[in-house]
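Here is how the chains run, residue by residue.
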Protein chains: 2
Amino acid sequence: MAEKSWDRPAGVAEPTSERLSLVLRALRTLEGQGVHTVSSYQLAERFGMNPAQIRKDLAQFGEFGVRGVGYHVADLKLKLKQLMGLERTRVVVIAGAGNLGQALADSRNFNVEGFKVGALFDVDGRKVGGRSRTGVPILELSTLAQNVATLKAEIGVIAVPAEAALAVARLLAGAGVPAILNFAPASVPPLEGTFVRNVDLTFFLENLSFQLAVRKR
Amino acid sequence: MAEKSWDRPAGVAEPTSERLSLVLRALRTLEGQGVHTVSSYQLAERFGMNPAQIRKDLAQFGEFGVRGVGYHVADLKLKLKQLMGLERTRVVVIAGAGNLGQALADSRNFNVEGFKVGALFDVDGRKVGGRSRTGVPILELSTLAQNVATLKAEIGVIAVPAEAALAVARLLAGAGVPAILNFAPASVPPLEGTFVRNVDLTFFLENLSFQLAVRKR
């Protein structure tokens, strides 16, 4: 289904996933506006997408549209949520209660339909026992495994210094967390049984620099 | 050069940029190890990349390799840095000195070769006049335009609440900042003369959920 990639773990191609996330948001907006059916052209026009790409992305996963009608908004929304595993709430735990960990714990981006931040973990005794601004409890890192089990956490976010990233990734994987999102400035290799996505913020800056350099030519 | 995209501003395709960033890092590592020449196969094998993709990415921008030899490490590194506009240091300013803004200002990812965080901006009088942990000054948001000029800032990072994102983006664009990286949980539309890259952290969570859902099928 996804293109073969040397850089990324097997699974759903990230651009496909990102476009389907955008479609899902568009459907939520349309539903809120009382719209019942929508064509791929209307979706494209109203939300700045490519109609052929929408059809292609959806076609990978089944039959969603009705010929001559387009998509039933509520129906497609439900099917997309099921496809993407968003029909229930997944618990996220965040290792590292520094500025980044707390920013993520309190972010509207991490507290959306489908996700709930269950806990932050840290080794700093001055932080442990406290809460983030929005009330996420900060727990001792050594209790991670037991809390992952209690919370049934499925996503672990790494927001610790580079030096600690790999050890924390192994701790999360060992606790049975099936997916890891790593924001530490150190790449974590694939771990047995756990999907690891490294997010390197430097890439965003380098991409902007590249855009500026190309524009000047 | 980049594929036509309905979702992204014109310019260099982000996956290409990300792969070239990875090649550049690999070259830095090789140079540090005293390696003078490398083939695309060796690059691929040592750094987990796809050799054909490396050649294809580079071929878009010119002739880099020498037949039968591969690439001269120092030479390719220099050319890539020039291509990506990384041969000099670009100043980054960050709007919003909350947890996220300060995390970014102090992050190793934002303080790498090619970039320097010049200032944070905020409206909170308790923060203004202070510094981040690593010493980045926190300035009053109303002084952004004059400081952008003084610092010759080329990249503006938005780390303010969603409600303020668009106003801050316009402030940055109005001050002549040519590239914006928006981390606020609200999408900023393209602005005249300024390249805007919205980073939606929810996409990362939704992608992980998608991977987990697909894996279970």
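Worth saying up front: this structure is predicted, and the values here are computed from it rather than measured. (Residues numbered from 1 in each chain as written. Chains lettered and ligands numbered in written order. Predicted model: local features only at pLDDT ≥ 70, side-chain atom pairs only at ≥ 80, totals over all residues.)

S.K.: How should I be thinking about the overall build of chain A in this particular structure?
M.R.: The helix and strand inventory of chain A stands at 8 helices and 8 strands. Taken along the three principal axes of its C-alpha coordinates, chain A extends 60 × 50 × 35 Å. Considering only contacts within chain A whose residues lie at least 6 apart along the sequence, 53% involve residues at least 24 apart. (Helix = DSSP H or I, 4+ residues; strand = E, 2+ residues; numbered from the N terminus. Contact = placed C-beta atoms within 7 Å.)

S.K.: Can you walk me through the packing of helix α2 (residues 40–47) of chain A against helix α3 (residues 51–59) of chain A in this structure?
M.R.: Residue and element names in this part refer to chain A. One can describe the packing of α2 onto α3 by two numbers: an axis separation of 8 Å at closest approach and a directional angle of 120°. It follows that α2 is oblique to α3 by the angle criterion. Handedness of the crossing formed by α2 with α3: right-handed. Contacts from S40, Y41, L43 and A44 in α2 reach P51, I54 and R55 in α3. (Axes fitted to C-alpha atoms, helices over the stretch in contact; angles between N-to-C directions. Parallel < 35°, antiparallel > 145°, perpendicular 65-115°, else oblique. Left-handed = near helix turned anticlockwise from the far one by under 90°.)

S.K.: What's the story with the relation of the copies chain A and chain B in this structure? I'm lost.
M.R.: Note that the two copies of the chain are related through a rotation about an axis and a translation along the same axis. Mapping chain A onto chain B is achieved by rotating through 180° and translating by 0.0 Å along the same axis, at an RMSD of 0.0 Å. The symmetry that links the two subunits is that of a two-fold axis. Judged by C-alpha distance, N99 of chain A is the residue of chain A that lies nearest the rotation axis, at 2.3 Å. (Least-squares fit on C-alpha atoms with pLDDT ≥ 70 in both.)

S.K.: How do you make sense of the environment of P15 of chain A when you look at a structure like this?
M.R.: Residue and element names in this part refer to chain A. As for its placement among the helices and strands, P15 is situated in helix α1 (residues 14–32). Assessed through the 19 C-beta atoms surrounding it within 10 Å, P15 is described here as partly exposed. Measuring from C-alpha to C-alpha, the distance between P15 and L171 comes to 29 Å, with 156 residues separating the pair along the chain. (Buried ≥ 20, exposed ≤ 12 C-beta atoms within 10 Å, placed from the backbone.)

S.K.: Where do I start with the interface of chain A and chain B in this structure?
M.R.: Often, the extent of an interface is quoted as the loss of accessible area on bringing the components together. The partner chain B presents 54 residues to the 54 residues of chain A that form the contact. The element best represented in the side of chain A that touches chain B is helix α8 (residues 201–216) of chain A, accounting for 14 residues. Classifying every residue of the side of chain A that touches chain B gives 29 nonpolar, 16 polar and 9 charged. (Nonpolar A, V, L, I, M, F, W, Y, C, P; charged D, E, K, R; others polar.)

S.K.: How should I be thinking about the sheet that holds strand β4 (residues 115–122) of chain B in this particular structure?
M.R.: All names here are of chain B. Strands sit in the order β5-β4-β3-β6-β7-β8 across an open sheet of 6 strands; the sheet is parallel. Looking at the sheet topology across the chains shown, the edges are occupied by β5 (138–140) and β8 (195–198). Across the sheet, the mean angle from the axis of one strand to that of its neighbour is 25°, orientation sign disregarded. Alignment of strand β7 (residues 179–182) against β8, held across 4 bridges, turns out to be parallel. Its bridge partner being in β8, I180 is matched across the sheet by V196. Running at roughly 165° to β4, helix α6 (residues 144–151) makes contact with β3 (90–95), β4, β5 and β6 (153–158) of the sheet. (Pairing = 2+ DSSP bridges.)

S.K.: Whenever I open this one, helix α5 (residues 99–106) of chain A confuses me. Can you help?
M.R.: Each α-helix winds once per 3.6 residues, and so residues spaced three or four apart point in a common direction. Counting buried positions along α5 of chain A gives 8 out of 8 residues, so the element sits mostly inside the fold. All buried positions along α5 of chain A are accounted for by N99, L100, G101, Q102, A103, L104, A105 and D106 of chain A. Against the buried residues of α5 of chain A lie β3 (90–95), β4 (115–122) and β6 (153–158) of chain A together with α5 (99–106) of chain B.

S.K.: Would you mind showing me how to read unusual backbone geometry here?
M.R.: Keep in mind that most residues, glycine aside, have a negative phi and that most peptide bonds are trans. If you check the backbone angles, K152 of chain A has positive phi at about 55° while not being a glycine. Relative to the helices and strands, K152 of chain A is located in the loop between α6 (144–151) and β6.

S.K.: Help me understand the pairing of β4 of chain B, please; the structure alone is not making it clear to me.
M.R.: A regular strand places its side chains on the two faces of the sheet in alternate fashion. Residue and element names in this part refer to chain B. Extensive coverage of β4 is indicated by the burial of 7 of its 8 residues. In the sheet, β3 pairs with β4 via 6 bridges, with the strands oriented parallel. Residue pairing for β4: I94 is matched across the bridge by L120. Handedness of the crossover joining β3 and β4 through α5 is recorded here as right-handed. Direction of pairing for β4 relative to β5: parallel, over a ladder of 3 bridges. Across the sheet, residue L120 finds its bridge partner in β5, namely I138. (Right-handed = clockwise from strand over helix to strand, strands pointing away.)

S.K.: Would you explain the confidence of the model for chain A in this entry?
M.R.: In regions of low pLDDT, the predicted coordinates are not meant to be interpreted in detail. Residue and element names in this part refer to chain A. Taken over all residues, the pLDDT of chain A has a mean of 90, while the share at 70 or more is 95%. Counting interchain partners and residues more than four positions distant, the pLDDT-below-50 stretch residues 1–9 has 15 contacts. Across the interfaces of the predicted complex, the ipTM metric reaches 0.89, alongside a pTM of 0.87. (pLDDT = per-residue confidence, 0-100.)

S.K.: Hey, could you run me through the sheet that holds β6 of chain A in this one?
M.R.: Remark on secondary structure: sheet strands pair via backbone hydrogen bonds, oriented parallel or antiparallel. Residue and element names in this part refer to chain A. On the basis of which strands lie adjacent, the open sheet formed by 6 strands has the order β5-β4-β3-β6-β7-β8 and parallel pairing. Edge positions in the open sheet fall to β5 (138–140) and β8 (195–198), since each of these has one partner strand only. For this sheet the average axis-to-axis angle between neighbouring strands, irrespective of direction, equals 25°. Where α5 meets the sheet, its contacts fall on β3, β4 and β6, and the angle it forms with β4 comes to roughly 160°.

S.K.: Just to check I follow, could you spell out the nonpolar core for this structure?
M.R.: Generally speaking, nonpolar side chains in soluble globular proteins are found buried as a group. One finds I158 of chain A together with I158 of chain B to be the most contacted residues of the largest nonpolar core, which totals 92 residues. Discounting residues that sit within four places of it in the chain, I158 of chain B has contacts with A95, G96, A165, V168, A169, I180, N182, F183 and A184 of chain B. (Core = buried A, V, L, I, M, F, W, Y, C linked by C-beta atoms within 7 Å.)

S.K.: Would you mind going over helix α4 (residues 73–83) of chain A with me for this structure?
M.R.: Residue and element names in this part refer to chain A. Buried residues of α4: V73, L76, K77, L80 and L83, and no others. Taken around the axis of α4, the buried residues stretch over an arc of 130°, which confines them to a single face. Two residues or fewer after α4 comes G85, characterised by a positive phi angle close to 70°. (Arc of directions from axis to C-beta.)

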